[in-house]
Amino acid sequence: MRSMSGGRSRAVSKTGVRAVPAKNRAPSRIAPGRRATAADRSFGRRMDRPASGFRRWLEEMREGGLGMKPFSVATVILILGVGLYGLFVGGHVSSAAREVAFQGNRVLALAGFSIEDVTVTGRTHADPQALLTALGVTRGDPIFGVDTEAARQRVERVDWVKSATVTRLLPHAIRIDVVERQPFAIWQRGGELSVIDTEGHPITDDNAQAYANLPFVVGFGGARNLHDVLGLIQETQPQLLPRVRAFVRVGDRRWNLRFENGVDVKLPEVGVEKALADLVNLDQTYKILSRDIESVDLRLPDRVSVALTADAMAERGNALAAKIGGKDGGAVKNLGGATTGAVKARFVTGGDNT
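Residues numbered from 1 in each chain as written. Predicted model: local features only at pLDDT ≥ 70, side-chain atom pairs only at ≥ 80, totals over all residues. Heavy atoms only, no water.

Notes on the overall build of the protein chain
Within the protein chain one finds 10 helices and 15 strands. Across the protein chain, contacts joining residues at least 24 apart in sequence account for 49% of those joining residues at least 6 apart. Element-wise, carbon and sulfur atoms account for 55% of the exposed surface of the protein chain, whose accessible area totals about 23,900 Å². (Helix = DSSP H or I, 4+ residues; strand = E, 2+ residues; numbered from the N terminus. Contact = heavy atoms within 4.5 Å. Areas by Shrake-Rupley, 256 points an atom, 1.4 Å probe, with all protein chains shown as cover.)

Put into structure tokens, the structure is as follows:
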């Protein structure tokens, strides 16, 4: 049965549904004469995505189909690793990098980034030529080619320099900021003289005699310990300092004070403050530091021993011999010569002369 509408005829089925022209139908994915199966209906789903490379590798490994391929790849990687290791260990890579940096710095120097001026601040005693030598640059060198950290370390090894800073001032200047050590004393050890700072660090060995006004310290260990004993004397008995000519370190354990008239005062290892107070009391009472004596021994806490000089001992012996001879008819004539240098006068601290 056909119906006419607008001059066109359309086929109508017996059920009343119009038939669709064949050219407008979507092509079927199923071959003619074949019924769709479950596999066809599940094609393209997420669960059927192609296997990853790692999974395929595992499958091939399980089936034994890899052959020598993995070993060949591992061999190539090993050879490449050994080659790279040799380049780094042999210094070829670093040499190439340095050459590239050097050529780059040369180009920058031609563009105006070259050293034309060096300034130094904070210098009083340090030799300026020694500072320039330690800096290690010349006019015209590429300014970016200066290793400022290495230069700083070299500058700090120069006499008098305690610390330093090396800075680039672009485009063409280098500045050295110096902090110098302060002279504190003259240190003698093994016949050598050095100027030292408060920490006992040797500053310089050159022209140490020019600092004769500084305290003089003798002996190993004296440089690092002088600050303590000097500070103690300044705090407790400052009147002694102008009369002390040298501080002598004995066995790196204790001190001897050598006074301007040659008298040696032997201080103890402990109780130095009390020993200094006893020395001042004895000098005020007996003028012990102004007499013809050789040394004052303060190492024992309950007494002070005084050794006379050879001349003083001779005079004392002669006087004693004359006194004995007057009583005994000259029986002892050589007592003075026999006792020269062998007798010590003893003082009991706080007591009378015995």
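Back to the text.
Here's the deal with the nonpolar core
Judged by nonpolar contacts, the single largest core of 34 residues is most densely connected at Leu226, Phe247, Val265, Leu267 and Val296. Looking at this core, the elements that each hand over two or more residues are strand 6 (185-189), helix 7 (222-236), strand 10 (244-250), strand 11 (254-259), helix 8 (272-286), strand 13 (293-297) and strand 14 (303-308). In terms of residue count, helix 8 provides more of this core than any other element does, six residues in total. Leave out the neighbours within four places in its chain, and Leu226 touches Phe184, Ala185, Val217, Phe247 and Trp255. Of all hydrophobic cores here, the second largest spans 24 residues; its members include Ala126, Val137, Val155 and Ala164. (Core = buried A, V, L, I, M, F, W, Y, C linked by side-chain atoms within 4.5 Å. Buried < 20%, exposed > 50% of the residue type's maximum accessible area, 1.4 Å probe, protein only.)

Regarding helix 7
For helix 7, with 15 residues, the first-to-last C-alpha span of 20 Å sits near the 21 Å given by 1.5 Å per residue. Of all the residues in helix 7, the buried ones are Gly222, Ala223, Asn225, Leu226, Val229, Leu230 and Ile233. Check the buried side of helix 7 and you find it contacts strand 6, strand 7 (192-196), strand 9 (216-218), strand 10, strand 11 and helix 8. (Expected span 1.5 Å × (residues − 1).)

Comments concerning a negative patch on the surface
Together, Asp127, Asp159, Glu192, Asp205 and Asp206 give the surface a local cluster of negative charge. Its location among the elements puts Asp205 in the loop between strand 8 (202-204) and strand 9. (Patch = residues over 30% accessible without salt bridge, like charges linked within 9 Å, V, L, I, M, F, W, Y side chains within 5 Å. Salt bridge = Lys/Arg side-chain N within 4 Å of Asp/Glu carboxyl O. Lys, Arg positive; Asp, Glu negative; His and termini not counted. Charge placed at Lys NZ, Arg CZ, Asp CG, Glu CD.)

Some thoughts on the environment of Pro301
Within the secondary structure, Pro301 is located in the loop between strand 13 and strand 14. Exposure remark for Pro301: the relative accessible area of 64% places this residue in the exposed category. Sequence separation between Pro301 and Lys274 is 27 residues; the distance between their C-alpha atoms is 8.4 Å.

Considering the packing of aromatic side chains
Tallied over the entire structure, the rule returns two aromatic pairs. Aromatic side chains Trp160 and Tyr211 sit 5.9 Å apart centroid to centroid with 45 degrees between the ring planes, which places their arrangement in the tilted category. You can see Trp160 sitting in the loop between helix 6 (148-155) and strand 4 (161-169) and its partner Tyr211 sitting in the loop between strand 8 and strand 9, a full 51 residues away along the chain. A single burial state applies to Trp160 and to Tyr211, both of which are buried. Centre to centre, the rings of Phe247 and Trp255 are 6.5 Å apart; their planes meet at 90 degrees, and the pair counts as edge-to-face. By the burial criterion, Phe247 is buried, and Trp255 matches it. The cationic tip of Arg189 hangs over the ring face of Trp187; the distance from NZ or CZ to the ring centre is 4.4 Å. (Phe/Tyr/Trp six-rings, centres within 6.5 Å; stacked < 30°, edge-to-face > 60°. Lys NZ or Arg CZ within 6 Å of the ring centre and 35° of its normal.)

A few points about unusual backbone geometry
A cis amide bond links Leu170 with the next residue in sequence, Pro171, at an omega value of 10 degrees. By secondary structure assignment, the location of Pro171 is in the loop between strand 4 and strand 5 (173-180). Of note, Trp160 is a non-glycine position whose phi angle comes to about 80 degrees, a positive value. Positive phi values are uncommon outside glycine, yet Asn207 reaches one of about 55 degrees. Within the element layout of this structure, Asn207 appears in the loop between strand 8 and strand 9.

With respect to the sheet that holds strand 3 (residues 117-121)
One key point about sheets: their strands pair by backbone hydrogen bonds, in either a parallel or an antiparallel sense. The mixed open sheet is built from three strands, whose spatial order is 3-5-4. A single partner strand is all that each edge strand has here, and the edge strands are strand 3 and strand 4. Going across the sheet, the axis of each strand differs from the next one's by a mean of 20 degrees, ignoring polarity. Taken together, the five bridges between strand 3 and strand 5 define a ladder with parallel strand orientation. Bridging from a neighbouring strand, Thr119 pairs with Arg175 of strand 5. Running over the sheet, helix 5 (residues 128-135) touches strand 3, strand 4 and strand 5 and is turned about 125 degrees from strand 5. Along the sheet face, helix 6 touches strand 4 and strand 5 and points at about 150 degrees away from the line of strand 4. (Pairing = 2+ DSSP bridges. Axes fitted to C-alpha atoms, helices over the stretch in contact; angles between N-to-C directions.)

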